[in-house]
Each structure stands twice: as C-alpha cells, then as structure tokens.
Amino acid sequence: MTWHLLILVKNRRRPFAKDAHAPCMGLAKKASAKASISHVGGQHQSANVSQKEKMGLFAPKKELCPDFCKTLPSDLSGKVFAITGTTSGTGYVAAQTIAELGGTVLLLNRPSERAQQALKTLQEAVGGGAFVAIDCDLQDFASVREAAGQIKAKYERLYCLCCNAGIVGKDEVTKDGYDVTIQTDHYSHFLLTALLLDLLEAEAQLNGDARIVNHSSGLRLNTPDHKLDPKYFEKKEAPDTLGGSDMTFGKGCWLRHHQGKLANTVFTYGLHTKLQSKGSKIRVIAAQPGFCDTNGVASCATEMTFVARMFYNLYVKFNAQNAQDGTMGLLRGMADAEAKSGVMYSPKGDGMSGPAVEAELESFEKDPDVIQMLWEVSEAATGVKLAA
C-alpha cells in the first residue's frame, strides 16, 4: 500500500477533494430511505454509526444532503446568485439546488462545449429554472472584467457571489503572467469580488443580507508551515518555475493548489474584517467539501501504479462522501439564514465527511500580516482596490 493511501488513512484531518457533481434537492424530494438519517444534538447524524465503526475503512457512504436541503429556505425567488465553475462538481450541485429553490443562477464558466452541455442538463433537470450563462475565463483577467460588466449591465443587485471554481493546474503561465492555479483559485476571484462588490452592497442595504462564499479545501492545511509563500503569487517569466507539473500528490501541481486554497480562507477572513469595520451587512463565508468522490479525488490516482490505484479507488468507493454531501457547506454559506460571516462550514469532526457545521478558521488564516501581504499582491496583480 503506497504513501498516497496512507495519507488518507493516517491523516484524516486533511481531506482531499475540490469538486462534486450531481443534484441535491432532487434527492430531498424523494426522501431517500437509504440515507437512514436522524437528528441528534442539532446536527444530522448517521443512524448506523456503530456499524460504520465496525466496518472501519470500508464503511458505507452516508447520504445527508436530502434531509439537509429541507433546512434551506424554501423560496429564494428574487435573489440572484453568481457561481463560478458550474460545469461539474460542487458548482453544478449548488446551481441546481439554488434554481430549484427559485433563485436566479448566473453560471460563470470558460466558454466550452462542456459549459453548454452543463447548461442544457441543468435546464432539463430544473424545469423553468432561471439559469443565465455568462462567459468567464478565470485564467484571463480581461474575460473576468467582461463577465462582471455583463452582470452589472443586467442586474442592479446581487445576493450571492459564490467563488467556487478551482483547479490543480500544470506549471504554466496565464496571458496575465501568473501561475494558472493561483490565478484561477484566487486572483480572478479577488478581481471578480472587487468588481461586483457594489451590487452586493446594494442588495445588503436594501434587504439586510448579501453573501460572498469562497470554496476552499482541507488541503490548505498541507501548506509548509501553514504559510502563504509569496513566490507563488509573483509574476512568472516562464513555465516550469514553480515545482513543475508532477501530478503526484504532494508534488508541484498540488503544492500550488494548497497555496491557492489557503489564499481562499485568508481572503475570506480579511474581507470579513474589512467589511465589518465599514458596517457592511455582507457576510463573507468560507466552505470546504471534505473528501468527495469527484474529479479532484480521481486526479490523485493518475500517477499511481495499477495496484496502488486499485487500493486507492476501493478506499474512495467506500469512504468518500457523495457529490451532494460535499456541497452542503457551500450551500449553507450561500443560503442558510443562520450562516455566520468570517467562519468556515466544513464536514463535522475530522473534516472528511458528515454534516456541514461551523468551524473556526485557524489563527494563521487570520494573521493580519498575512492578510496584508495577500491584499498587496492581489491588488497589484489585478489592478483593483478592494474594501480599501
């Protein structure tokens, strides 16, 4: 058994996964009997915990999302939600769920056949759902600015900006001169937030509430010394200068992803404190999906031997929570009336799976010096001032 699998078994506090895929509210409507969920101590718990404990690694998956979705507001009509990265994964699930609850969903994706197919599938899944596709390539600042311009031209207010998209990219340079992972995961979301902040403020002032939700990952805890390293955020003169494109977990591609995901939570807390100091009613919230059976998890196996991949896939099959459950934290931040600003919503306990509960951000994610460093490099990279 390789070190890839041992990471999962021994270090369950640090989950893999970024994405998830599939509907959520559709499951709630069916009230799935397989989920076997009870409500204990204010949180949804598996009614078969003892059996899970007996089975150890190969415990059955839980299905918590059907009951969870029933706790969300039943009518989001009149509210506009902008979500990045909705072609699959958590973004897709969130888009479908919000639309089923009556919200208008702006789908911000890079132009592609995949984006067109996702739109078609969502429209088929939610009859009469209000979906608006907007081209937004997070690896191109000009595209982000164009997307924000389209939104501002059509809408006077925005209830929620969900910065969901993220990648584990190769060691390449965007046309703007930055690492593709860092620009996708952080810089472009920083820019998009700055450009749409006035619409969010308009919503908050009129109705007393608006949301910015940043999707991070437990992988942020794998950053060396739990610190953001400025070298990852600087302009790059050439590719293959930040660790290479090795997809083996713990190597180049993942190191940059860890930095991007830590930037998401530092950004969350920094923006929360800045807006709070101004008396804003915008809530700024982080979420992380836990260990989900999705594309992000599958990519971990690309560099494994056949035998290692077999063990790994078996572990994923019986231990990763499903796509819908991985979206619960994101949905709590986006729609739960009781969601708090400046915190993270994460799977309960070890952060791997389970009901999405409030989790305090770590001290290193709240460090004023780190926040200042991130703000300085982000404003320099994007050319905008945010909550100054």
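Preceding this paragraph is the structure being described.
So, here's what we can say about the structure. Positions within a chain are numbered from 1, following the residues in the order the chain's sequence is written. For this predicted model, a pLDDT threshold of at least 70 governs which residues receive local features, and a threshold of 80 or more governs which side-chain atom pairs are given and counted, while totals over whole chains, interfaces and linings are taken from all residues. Only hydrogens and water are set aside when side-chain values are computed; all heavy atoms of the structure are taken into account.

1. Section: the overall build of the protein chain
Note on conventions: DSSP H or I runs of at least 4 residues are helices, E runs of at least 2 residues are strands, and numbering of each starts at the N terminus. Within the protein chain one finds 14 helices and ten strands. Type-normalised accessible area, obtained with a 1.4 Å probe on protein chains alone, sets the label of each residue: buried when under 20%, exposed when over 50%, and partly exposed for intermediate values. Counting across all 388 residues of the protein chain, residues that qualify as buried make up 59%. Only heavy atoms matter for contacts: two residues are in contact if any of them lie within 4.5 Å across the pair. Put simply, of all contacts in the protein chain between residues at least 6 apart along the chain, 80% involve residues at least 24 apart.

2. Notes on the state of the cysteines
When the sulfur atoms of two cysteines share a covalent bond, that bond is a disulfide. In this description, a disulfide is simply a cysteine sulfur pair whose atoms lie within 2.5 Å. Per the stated rule, a full pass over the model turns up zero disulfides. Of all cysteine sulfurs in the structure, the one in Cys-163 sits closest to Cys-136, which takes part in no disulfide; the separation is 9.7 Å. Taking relative accessible area as the criterion, Cys-136 reaches 2% and is therefore assigned buried.

3. Points about the pattern of salt bridges
A pair can form between side chains of opposite charge whenever their charged atoms are brought close. When a carboxyl oxygen of Asp or Glu lies within 4 Å of a side-chain nitrogen of Lys or Arg, that pair is called a salt bridge. Taken as a whole, this structure holds 16 salt bridges when the rule is applied. We note a salt bridge from Arg-211 to Asp-209, for which the minimum N-O separation is 3.0 Å. Exposure remark for Asp-209: the relative accessible area of 11% places this residue in the buried category. Each of Asp-171, Asp-179, Lys-236 and Arg-256 takes part in salt bridges that share partners, so that together they form one network.

4. Thoughts on the packing of aromatic side chains
Only rings of Phe, Tyr and Trp enter the pairing, Trp through its six-membered ring, and a pair is recorded when the two centres are within 6.5 Å. The plane angle decides the type: under 30 degrees is stacked, over 60 is edge-to-face, the rest tilted. By the definition in use, this model includes seven aromatic pairs. For the ring pair Phe-141 and Tyr-178, a centre distance of 6.2 Å and an interplane angle of 50° mean the geometry is tilted. You can see Phe-141 sitting in helix H7 (residues 141-154) and its partner Tyr-178 sitting in the loop between strand S6 (160-163) and helix H8 (180-207), a full 37 residues away along the chain. As far as burial versus exposure is concerned, Phe-141 and Tyr-178 are alike and both buried.

5. Section: empty space enclosed by the protein
Lining residues are those with an atom within 4 Å of a point, where the points come from a 1 Å grid over the protein atoms alone and group into cavities, where a 1.4 Å probe fits but cannot get out, or pockets, open sets with protein on both sides within 12 Å along at least five of seven lines. Grid points are joined across faces, edges and corners, and a volume is the space filled by probe spheres set on the points. Scanning the entire structure with this criterion turns up two cavities of 30 Å³ or more. The volume enclosed by the second largest cavity comes to roughly 40 Å³. Charged residues are taken to be Asp, Glu, Lys and Arg, nonpolar residues to be Ala, Val, Leu, Ile, Met, Phe, Trp, Tyr, Cys and Pro, and polar residues to be all remaining types, Gly included. Across the lining of the second largest cavity, the residue classes break down as five nonpolar, six polar and one charged.

6. Description of the environment of Lys-231
As for its placement among the helices and strands, Lys-231 is situated in the loop between strand S7 (210-215) and helix H9 (252-277). A relative accessible area of 43% places Lys-231 in the partly exposed class. Counting along the chain gives eleven residues from Lys-231 to Leu-242, while the straight-line C-alpha distance between them is 8.2 Å.

7. Focus: the pairing of strand S5 (residues 130-135)
Across six bridges, strand S4 (residues 104-109) lies against S5 in parallel orientation. Bridge assignment links Leu-107 to a residue of S5, and that residue is Ala-133. For the crossover from S4 across helix H6 (residues 113-125) to S5, the handedness is right-handed. For two strands to count as paired, DSSP must find a minimum of two bridges between them. Look down the strands so they point away from you; if the path from the first strand over the helix to the second goes clockwise, the crossover is right-handed.

8. A closer look at the packing of H8 against H9
Angle between the axes and distance between the axes: these two values describe a pair of packed helices. At their nearest, the axes of H8 and H9 sit 8 Å apart, and the two run at 20° to each other. Taken together, the axes of H8 and H9 lie roughly parallel to each other. In this structure, H8 crosses over H9, and the sense of that crossing is right-handed. Contacts between H8 and H9 pair Thr-181, Ile-182, Asp-185, His-186, Phe-190, Thr-193, Leu-197 and Glu-201 from the former with Arg-256, His-257, Gln-259, Gly-260, Lys-261, Ala-263, Asn-264, Phe-267, Leu-271 and Leu-275 from the latter. Residues of the contact of H8 with H9, tallied by class, amount to seven nonpolar, seven polar and four charged. Lines fitted to C-alpha atoms define the axes here, with helix axes fitted over just the stretch in contact, and angles between the N-to-C directions of these axes take values from 0 to 180 degrees. Oblique is the label for every angle not falling under 35 degrees (roughly parallel), over 145 degrees (roughly antiparallel), or within 65 to 115 degrees (roughly perpendicular). A crossing counts as left-handed when the near helix is turned anticlockwise from the far one by less than a right angle, and as right-handed when that turn is clockwise.

9. Observations regarding the environment of Arg-256
Structurally, Arg-256 is set in helix H9. Spatially, the C-alpha atom of Arg-256 lies 9.0 Å from that of Thr-223, the residues being 33 residues apart in sequence. Setting aside chain neighbours within four positions, we find Arg-256 in contact with Gly-169, Lys-170, Asp-171, Asp-179, Thr-181, Ile-182, Tyr-232, Leu-242, Gly-243, Gly-244 and Ser-245.

10. So, the sheet that holds strand S3 (residues 80-84)
Strand order across the open sheet formed by eight strands is S5-S4-S3-S6-S7-S8-S9-S10, with mixed pairing between neighbours. The sheet is open, and its two edges are formed by S5 and strand S10 (356-359), each paired on a single side. Pairs of neighbouring strands in the sheet enclose a mean axial angle of 20°, with direction left out of account. In this structure, strand S8 (residues 282-287) lies alongside strand S9 (residues 344-347), joined through two bridges in parallel fashion. Bridge pairing in S9 links Ala-287 to Tyr-345. H7 contacts S4 and S5 of the sheet and is inclined by roughly 145° relative to S5. Along the sheet, helix H13 (residues 328-335) makes contact with S3, S6, S7, S8, S9 and S10, crossing S7 at roughly 160°.

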